[in-house]
Amino acid sequence: MSCSLSIRDLFFTWSKHSHFSLRIPNWQIQTGEKVFLYGRSGEGKSTLLNLISGIESRYSGEIQVLGQDLAKLTQTQKDSFRANNIGIIFQQFNLLPFLSAKQNILLAQRFKNKNQTYTAQPEDLDAICEKLELSRHLLSQKAMELSVGQQQRVAVARALYGQPALIIADEPTSALDTQSREQFIRLLLDSAQSSTVIFVSHDMSLASHFDQQVELAKIQQQGSKNHVA
């Protein structure tokens, strides 16, 4: 089976004076796996996601995402690669408040390479929105007019639209109650069946939904973890 993620000899620190460092000698995620990544606050979970998605570039070692060595890409190429292959669900959702829900979902498509093998179609969006219970009326509303739960579903739709091979979710359930968290996890995993998923959370009650549970401390070498990710 092929790997969606392969990390070897990764070392990251903010600066030579920083007390924080992230060291991962060897870690792989197989294509299609659903991984629950957990660890203490400040241990580097969000930093690791930024490295995997190409948002953060200051590191040594090797990070291969979907077979692509990120170090061999320019920042512009990384941005394009991320837009074409990775769906990201942020903790704060990162919706543009004055755009409609639909405009927020479609926004990432502007950065995609038009020559890619798969091009998202309007009917794909309809299918995603139906599964996420996003009505036409709701899609026409501005993001700032939506409830937290509705904003969350819009963020999931944005991440799923275009059938990305890899979906990264950074603490997306932190603002939800227990019942809503369970519903969200089932919705996400049901909607992302063909994608590899890396889901970061400190809520261990959600771990059983995933194929693999990974503790960050177990995959990295001992180091200072004082920096808040």
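Here the structure is shown first, and the text comes after it.
So, a few notes on the structure that sits alongside this text. (Residues numbered from 1 in each chain as written. Predicted model: local features only at pLDDT ≥ 70, side-chain atom pairs only at ≥ 80, totals over all residues. Heavy atoms only, no water.)

### Focus: the side chain of Ser 201
The line we're drawing: Counting from the N terminus, the helices are the DSSP runs of H or I reaching at least four residues and the strands are the DSSP runs of E reaching at least two. Any N or O atom pair separated by 3.5 Å or less is treated as a polar contact, with the protein-specific requirement of one donor-capable and one acceptor-capable atom, and with residues adjacent in sequence counted only for side-chain atom pairs. Contacts are assigned to residue pairs with any non-hydrogen atoms lying within 4.5 Å of each other.
Mapped onto the fold, Ser 201 is located in the loop between strand 8 (196–200) and strand 9 (212–215). From its side chain, Ser 201 meets the backbone nitrogen of Asp 203 in a polar contact 2.9 Å long. Setting aside anything within four residues of it in sequence, one finds Ser 201 in contact with Phe 36, Leu 37, Tyr 38, Gly 39, Glu 171, Thr 173 and Leu 206.

### Thoughts on the packing of aromatic side chains
The following threshold applies: Between the rings of Phe, Tyr and Trp (Trp by its six-membered ring), a pair exists once the centres lie within 6.5 Å; its type follows the angle of the planes, with under 30 degrees stacked, over 60 edge-to-face, and the other angles tilted. For every residue, the accessible area obtained with a 1.4 Å probe (protein chains only) is divided by the maximum for its type, and the residue is called buried under 20%, exposed over 50%, and partly exposed between those limits.
Applying the stated criterion to the full structure yields six aromatic pairs. The interplanar angle of 65° and the centroid separation of 6.4 Å between the aromatic rings of Phe 12 and Phe 20 together place this pair among those described as edge-to-face. The same class applies to Phe 12 as to Phe 20, namely buried. Both rings, one in Phe 36 and one in Phe 199, keep their centres 6.3 Å apart while their planes meet at 20°; by these two values the pair is stacked.

### Things to note about the sheet that holds strand 6 (residues 86–89)
Condition: Strand pairing is assigned whenever DSSP detects at least two bridges linking the two strands. Structural elements are reduced to axes, namely lines fitted to C-alpha atoms, with helices fitted over the stretch in contact, and the angle between N-to-C directions of any two is expressed from 0 to 180 degrees.
The strand order across the open sheet formed by five strands is 6-7-8-3-9, and the pairing between neighbours is parallel. Edge positions in the sheet fall to strand 6 and strand 9, since each has one partner strand and no second. The sheet shows a mean angle of 15° between the axes of neighbouring strands, taken without regard to direction. Contacting strand 3 (34–38), strand 6, strand 7 (166–170) and strand 8, helix 1 (residues 45–52) crosses the sheet at an angle of about 155° to strand 7.

### Quick notes on the sheet that holds strand 4 (residues 60–65)
Pairing is antiparallel across the open sheet formed by four strands, whose spatial order is 2-1-4-5. Looking at which strands have only one partner, the edges of the open sheet turn out to be strand 2 (21–30) and strand 5 (68–69). Bridge count between strand 4 and strand 5: two bridges; the pairing is antiparallel. Pairing of Val 65 across the sheet is with Gln 68, part of strand 5. Contacts from helix 1 reach strand 1 (3–13), strand 2 and strand 4, with the element oriented near 120° to strand 1.

### Overview of the nonpolar core
For clarity, the threshold we go by: Within this scheme, the nonpolar core is defined by two criteria: the residues are buried Ala, Val, Leu, Ile, Met, Phe, Trp, Tyr or Cys, and they are joined through side-chain atoms within 4.5 Å.
With 35 residues, the main nonpolar core has Ile 89, Ile 105, Leu 134, Val 154 and Phe 199 as its most contacted residues. Those elements giving two or more residues to this core turn out to be helix 3 (101–107), helix 4 (122–131), helix 5 (136–140), helix 6 (148–160), strand 7, helix 7 (178–191) and strand 8. With six residues, the single largest contributor to this core is helix 6. The contact partners of Leu 134, leaving out residues within four places of it in the chain, are Ile 105, Cys 129, Leu 139, Gln 150, Arg 153, Val 154 and Ala 157. In terms of nonpolar packing, the next biggest core, distinct from the first, is built from 30 residues, Ile 24, Tyr 59, Leu 73 and Ile 168 among them.

### Regarding unusual backbone geometry
Despite not being glycine, Asp 9 has its phi angle at roughly 55°, a positive value. Following the sequence through the fold, Asp 9 ends up in strand 1. A positive phi angle is found at Asn 94, which is not glycine, with a value near 55°. As for its placement among the helices and strands, Asn 94 is situated in the loop between strand 6 and helix 3.

### Things to note about the pattern of salt bridges
Threshold: In the sections that follow, a salt bridge refers to a side-chain nitrogen of Lys or Arg positioned within 4 Å of a carboxyl oxygen of Asp or Glu.
Enumeration over the complete set of coordinates arrives at six salt bridges. A salt bridge links Arg 58 to Glu 56; the nearest nitrogen and oxygen atoms lie 2.8 Å apart. Classification of Arg 58 by relative accessible area gives partly exposed; the value is 45%. The class of Glu 56 is buried, set by a relative accessible area of 14%.

### Focus on helix 1
Of all eight residues in helix 1, seven are buried; the element is thus mostly enclosed. A positive backbone phi angle near 80° is found at Gly 54, which sits one or two residues after helix 1.

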